[in-house]
Amino acid sequence: MPMETIARVMSLDLAQTMKMNLGARGIEAFIPDEVSATVDPFISMAKQGIRLQVQEGDSERALQILQELKDADVSENES
């Protein structure tokens, strides 16, 4: 099944955290720019961020999970 980019972020740490959270919920994610971002972080900035990808069939659920995590983080910070 083809992969779909669901996010572009400027931090490899954030991409890895997102990947880990998706994996914990049963969605396999892939960071195709992981090696280049590790070797030269400025390359990812020139390429408009580090891509986080999932299989096409998982993209809708993955986006929903990431939004829920973002909403939980925002409400936690407001408390």
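The structure we're discussing is the one just above.
As the structure is a computational prediction, the values presented were derived from the model and not from experiment.

Draft legend 1. Region of interest: the overall build of the protein. Along its length, the protein carries four helices and three strands. Put simply, the protein runs from its N terminus to its C terminus through helices and strands in the order β-α-β-α-α-β-α. Along the first, second and third principal axes, the C-alpha atoms of the protein reach 35 × 35 × 20 Å. Of all 79 residues assigned to the protein, the portion counted as buried reaches 28%. Of the contacts made within the protein by residues no fewer than 6 positions apart, 67% connect residues no fewer than 24 positions apart. With an accessible surface of roughly 5300 Å², the protein has 52% of that area assigned to carbon and sulfur atoms. Averaging the positions of the 7 positive and the 14 negative side-chain charges in the protein gives two centres separated by 4 Å.

What counts as what
- Residues numbered from 1 in each chain as written.
- Predicted model: local features only at pLDDT ≥ 70, side-chain atom pairs only at ≥ 80, totals over all residues.
- Heavy atoms only, no water.
- Helix = DSSP H or I, 4+ residues; strand = E, 2+ residues; numbered from the N terminus.
- Buried < 20%, exposed > 50% of the residue type's maximum accessible area, 1.4 Å probe, protein only.
- Contact = heavy atoms within 4.5 Å.
- Areas by Shrake-Rupley, 256 points an atom, 1.4 Å probe, with all protein chains shown as cover.
- Lys, Arg positive; Asp, Glu negative; His and termini not counted.
- Charge placed at Lys NZ, Arg CZ, Asp CG, Glu CD.

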